[in-house]
Amino acid sequence: MTTTAVSTDLDPVFTQMAGATAEFARAIPELTDREKTFLCVTADVCQGSLGLAFTAHVRAGLAAGVSTSDIRELLRFVSYDCGYHAATAGIERIAELEAELGIPRPDAEPLAGTLVSTGPDAAPSPLPDAVRARLTELDPHFTTYFDLQSRMRTGHGPGTLSERERGLVSLSVDVHYQTLADTFRIHVGRALRGGATPEDVRAALRFIAQFGVTRAWHAWEALNAMG
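Read on for an overview of the structure.

Rules and cut-offs
Residues numbered from 1 in each chain as written. Predicted model: local features only at pLDDT ≥ 70, side-chain atom pairs only at ≥ 80, totals over all residues. Heavy atoms only, no water. Helix = DSSP H or I, 4+ residues; strand = E, 2+ residues; numbered from the N terminus. Rg over C-alpha atoms; globule rule 2.2 N^0.38 Å. Buried < 20%, exposed > 50% of the residue type's maximum accessible area, 1.4 Å probe, protein only. Contact = heavy atoms within 4.5 Å. Areas by Shrake-Rupley, 256 points an atom, 1.4 Å probe, with all protein chains shown as cover. Lys, Arg positive; Asp, Glu negative; His and termini not counted. Charge placed at Lys NZ, Arg CZ, Asp CG, Glu CD. Patch = residues over 30% accessible without salt bridge, like charges linked within 9 Å, V, L, I, M, F, W, Y side chains within 5 Å. Salt bridge = Lys/Arg side-chain N within 4 Å of Asp/Glu carboxyl O. Phe/Tyr/Trp six-rings, centres within 6.5 Å; stacked < 30°, edge-to-face > 60°. Lys NZ or Arg CZ within 6 Å of the ring centre and 35° of its normal. Expected span 1.5 Å × (residues − 1). Bend = angle between axes of the 7 residues up to and from the residue. Polar contact = N/O pair within 3.5 Å; in protein donor to acceptor, adjacent residues only side chain to side chain.

When you go through the protein chain residue by residue, the secondary structure sums to 12 helices and zero strands. For the protein chain, the succession of helices and strands along the chain, N to C, is α-α-α-α-α-α-α-α-α-α-α-α. Relative to its length of 227 residues, the protein chain is compact, with a C-alpha radius of gyration of 18 Å against a globular reference of 17 Å. In terms of principal-axis extent, the alpha carbons of the protein chain reach across some 55 × 45 × 25 Å. Taken over 227 residues, the protein chain has a buried fraction of 44%. Look at the contacts in the protein chain between residues 6 or more apart in sequence, and 69% of them connect residues 24 or more apart. Summed over all atoms, the accessible surface of the protein chain reaches about 11600 Å², with 60% contributed by carbon and sulfur. Counting 20 positive and 28 negative side-chain charges, the protein chain places the averaged centre of each group 2 Å from the other.

Let us look at a nonpolar patch on the surface. On the surface, Tyr84, Leu138, Phe142 and Tyr145 cluster together into a nonpolar patch covering about 380 Å² of accessible area. Here Phe142 shows up in helix α8 (residues 140–152). The class of Phe142 is partly exposed, set by a relative accessible area of 33%.

Right, let's talk about the packing of aromatic side chains for a bit. Considering all chains together, one arrives at three aromatic pairs under this definition. One aromatic cluster in this structure is built from Tyr80, Phe142 and Phe146. Over the aromatic face of Phe77 sits the side chain of Arg153, whose NZ or CZ is 4.1 Å from the ring centroid.

Attention now moves to the environment of Pro126. Inspection of the secondary structure puts Pro126 in the loop between α6 (84–101) and α7 (129–138). Filtering out sequence-adjacent residues up to four positions away, Pro126 remains in contact with Asp147, Ser150, Arg151 and Thr154.

Another point: helix α5 (residues 68–82). For α5, spanning 15 residues, the distance from its first C-alpha to its last is 19 Å, which sits close to the expected 21 Å at 1.5 Å a residue. If you look at α5, its biggest bend is around 25°, right at Arg76. Burial of α5 is extensive: 13 of the 15 residues sit out of reach of the surface. Of the residues trailing α5, Gly83 is marked for its positive phi of about 105°.

Turning next to the side chain of Glu98. Counting through the fold element by element, Glu98 comes out in helix α6. On the basis of relative accessibility, which here comes to 2%, the residue Glu98 falls in the buried class. One polar contact links Glu98 to Thr68, side chain to side chain, over a distance of 2.9 Å. Once residues lying within four places of it in the same chain are set aside, the contact partners of Glu98 are Thr68, Arg72, Ile103, Arg105 and Pro106.

Right, let's talk about the pattern of salt bridges for a bit. Tallied over the full model, the rule gives 15 salt bridges. Between Arg164 and Glu35 there is a salt bridge, with the nearest N and O atoms lying 2.5 Å from each other. In this pair, Arg164 sits in helix α9 (residues 163–177) while Glu35 sits in helix α3 (residues 33–46), placing the two residues 129 residues apart along the sequence. By the burial criterion, Arg164 is buried, and Glu35 matches it. What you see here is one network of salt bridges that share partners, running through Arg134, Glu137, Asp182 and Arg185.

Let's shift gears to unusual backbone geometry. The phi angle at Gln178 is positive, at roughly 60°, despite the residue not being glycine. Its place among the elements puts Gln178 in the loop between α9 and α10 (182–193). For Gln178, a relative accessible area of 30% gives the class partly exposed.

Read these as layout, nothing more, since geometry by itself doesn't imply function.
Right under this line is the structure:
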């Protein structure tokens, strides 16, 4: 039985509403199918929606050429923004789907020791100096934690996200968790540095609205206030 059929069995009117909403969002032209898949899966993980919605989003991504290796890389990337507990649930679910669909589990090269270290042999932090200074004002130990997380999610492997994708995904986490101050501004800036236009960022917020219109409303207010 397909995901759509299961959903229809649960409530046909709700299925009609959800289908019309998804069709409207999918028609947004500024985002790629890969970016739309990443935004959907990020929403699922942030909101703990790992049942029918997650399955449907992964299947749609696979149909559009997004691999489970890409989705695993996404889950690694969002882990320190959404929390490892939430990302772990996503990793468990993608592994289950790989087994159900007969997709071989992709190999992944272990991270270099310099990326997982916080000692003297650690690689330099990729965080901008201004961000590190702001974090250190909050708490130096927190800065060290941020350095570690940032090193571990630097680009590696065939499914690595582009800078534009990282910015769009990160700002979407801000929308779901309503962290719409410093981090939201930083992540919007990251998307722009990665080649996204202001209209692309606005397109991302339009797409994210399907995962909670009230949260999107607050995000629009924060974005428009940025000028």
